[in-house]
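Structure at a glance
Each chain, written out:
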Amino acid sequence: MCIRDSMTTERRMDLAQTLVRVLRNWELTSEQQIELLGLPEGTRARALNKFLVGTPFPDDYDSLMRANYLLSIQNAVSSLFPHNATAANYWMTTPSHYFADHTPLDIMLNEGTEGMRRVLNYLNGDEDWG
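The paragraphs below set out a description of the structure included in this document.

Parameters at a glance
Residues numbered from 1 in each chain as written. Predicted model: local features only at pLDDT ≥ 70, side-chain atom pairs only at ≥ 80, totals over all residues. Heavy atoms only, no water. Salt bridge = Lys/Arg side-chain N within 4 Å of Asp/Glu carboxyl O. Buried < 20%, exposed > 50% of the residue type's maximum accessible area, 1.4 Å probe, protein only. Helix = DSSP H or I, 4+ residues; strand = E, 2+ residues; numbered from the N terminus. Polar contact = N/O pair within 3.5 Å; in protein donor to acceptor, adjacent residues only side chain to side chain. Contact = heavy atoms within 4.5 Å. Core = buried A, V, L, I, M, F, W, Y, C linked by side-chain atoms within 4.5 Å.

For side chains bearing opposite charge, pairing can occur when the charged atoms are close. Per the stated rule, a full pass over the model turns up three salt bridges. Its salt-bridge partner being E111, residue R118 comes within 2.7 Å of it at the nearest N-O pair. On the basis of relative accessibility, which here comes to 30%, the residue E111 falls in the partly exposed class. In this structure, the salt-bridge partner of R117 is E114, at a minimum N-O distance of 2.3 Å. You can see R117 and its partner E114 sitting in helix 6 (residues 104-123), three residues apart, about one turn around the helix.

Next up on the list: the side chain of Q74. Inspection of the secondary structure assignment puts Q74 in helix 4 (residues 61-80). Looking at Q74, its side chain comes within polar contact range of the side chain of W26, at 2.6 Å. Ignoring any residue separated from it by four or fewer positions in sequence, one finds Q74 in contact with V22, W26 and N89.

Here we come to the environment of P56. Following the sequence through the fold, P56 ends up in the loop between helix 3 (46-52) and helix 4. With a relative accessible area of 26%, P56 lands in the partly exposed category. Sequence-wise, P56 and T9 are 47 residues apart; in three dimensions their C-alpha atoms are separated by 6.1 Å. Those residues within four positions of P56 in sequence are excluded, and the remaining contacts are T9, R12, M13, A16 and F51.

In terms of nonpolar packing, the biggest core is built from 38 residues, with W26, L36, L37, F57, L70, I73 and M108 touching the most fellow members. Of all the secondary structure elements, the ones that give two or more residues to this core are helix 1 (9-25), helix 2 (30-37), helix 3, helix 4, helix 5 (85-91) and helix 6. Excluding residues that lie within four positions of it along the chain, L70 makes contacts with L19, L23, W26, L36, L37, M108 and M116.

Moving on, we get to unusual backbone geometry. Backbone phi values are negative for most residues with the exception of glycine, while trans is the configuration of most peptide bonds. In this structure, A100 is a non-glycine residue whose phi angle is positive, near 55 degrees. Within the secondary structure, A100 sits in the loop between helix 5 and helix 6. The backbone of D101 sits at a positive phi, close to 60 degrees, despite the residue not being glycine. Mapping D101 onto the fold places it in the loop between helix 5 and helix 6. A residue is classified by how much of its surface remains accessible, and D101, at 59% relative accessible area, is exposed.

Pasting the structure below:
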């Protein structure tokens, strides 16, 4: 996905469905999904279900940036475990010495888009966490 000033409603609908499926595959709680997506405080879990049935993803820079990071992270993790989707999903919630015994999910939840950038950079070999 490429961040642009705006996307068509149809593309944002597809994006919302894809993001919710990815985050559910990671076995995240609704609260974690809402936080990673940067949805407003007080957003209820039913908003995630609405994404699955056609509500478009928000059309603002921060939301689209988060979407870009999350999908890029999913693609990178999937390429590490091309024949084992379960291992790819498990990687997100497994503590690692590379992350000072935190999970990649912890890094993203605690640091927001900066944490997403750091996890993606690690996956792409652009950052030394050692």
